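Architecture and fold: a report
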Amino acid sequence: ELLRTQLPCLAGMKKSQRKKYEFRIAPNLKVTARSAYLTEQHKMPTTIKEAYQFHPETGEKLRDGNGELMTSPTRLLTEHFDDEDNIVPYDNRTDAYRYGSDLIPVGKMDLL
């Protein structure tokens, strides 16, 4: 019972991580035993999308004082246009939810 309290629970482990062995204590004495790989979750850093900076006249990649390539973070810019190809300001936009094949507009006051 002491060993059971010191080992972590195997309920969430995949069966491929568990193995069954015949543990031989003496030539005529065998005990069936199970072992499992105890793994831990490893957190990788998230990737950041960046773009290389180029010289406007020569088109060569810019380098900083250490000789490393200079990058700038990328952004997603979404613009909406009306029927006359004018940009719609953010304040005049509204959300819409799909109901079948139709879009139902929902304003900020409708969600209260």
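Residues numbered from 1 in each chain as written. Predicted model: local features only at pLDDT ≥ 70, side-chain atom pairs only at ≥ 80, totals over all residues. Heavy atoms only, no water.

Tracing the sequence through the fold places V31 in strand 2 (residues 29–36). Of the residues examined, V31 reaches a relative accessible area of 36% and is grouped as partly exposed. Sequence separation between V31 and Y21 is 10 residues, and the spatial gap between their C-alpha atoms is 8.3 Å. (Helix = DSSP H or I, 4+ residues; strand = E, 2+ residues; numbered from the N terminus. Buried < 20%, exposed > 50% of the residue type's maximum accessible area, 1.4 Å probe, protein only.)

Taken residue by residue, the protein gives an average pLDDT of 78. The fraction at 70 or more is 76%. Per-element confidence in the protein ranges from a low mean pLDDT of 50 for helix 1 (residues 2–6) to a high of 89 for strand 6 (residues 102–106). (pLDDT = per-residue confidence, 0-100.)

What follows covers a nonpolar patch on the surface. Where nonpolar side chains cluster on the molecular surface, the patch consists of F23, I25, L29 and V31 and spans about 370 Å² of accessible area. Mapped onto the nonpolar patch, the elements with two or more residues apiece are strand 1 (18–26) and strand 2. Relative to the elements of secondary structure, L29 occurs in strand 2. According to the relative accessible area criterion, L29 is partly exposed, its value standing at 44%. (Patch = residues over 30% accessible without salt bridge, like charges linked within 9 Å, V, L, I, M, F, W, Y side chains within 5 Å. Areas by Shrake-Rupley, 256 points an atom, 1.4 Å probe, with all protein chains shown as cover. Salt bridge = Lys/Arg side-chain N within 4 Å of Asp/Glu carboxyl O.)

Although it is not a glycine, D85 sits at a positive phi angle of roughly 60 degrees. With a relative accessible area of 63%, D85 lands in the exposed category.

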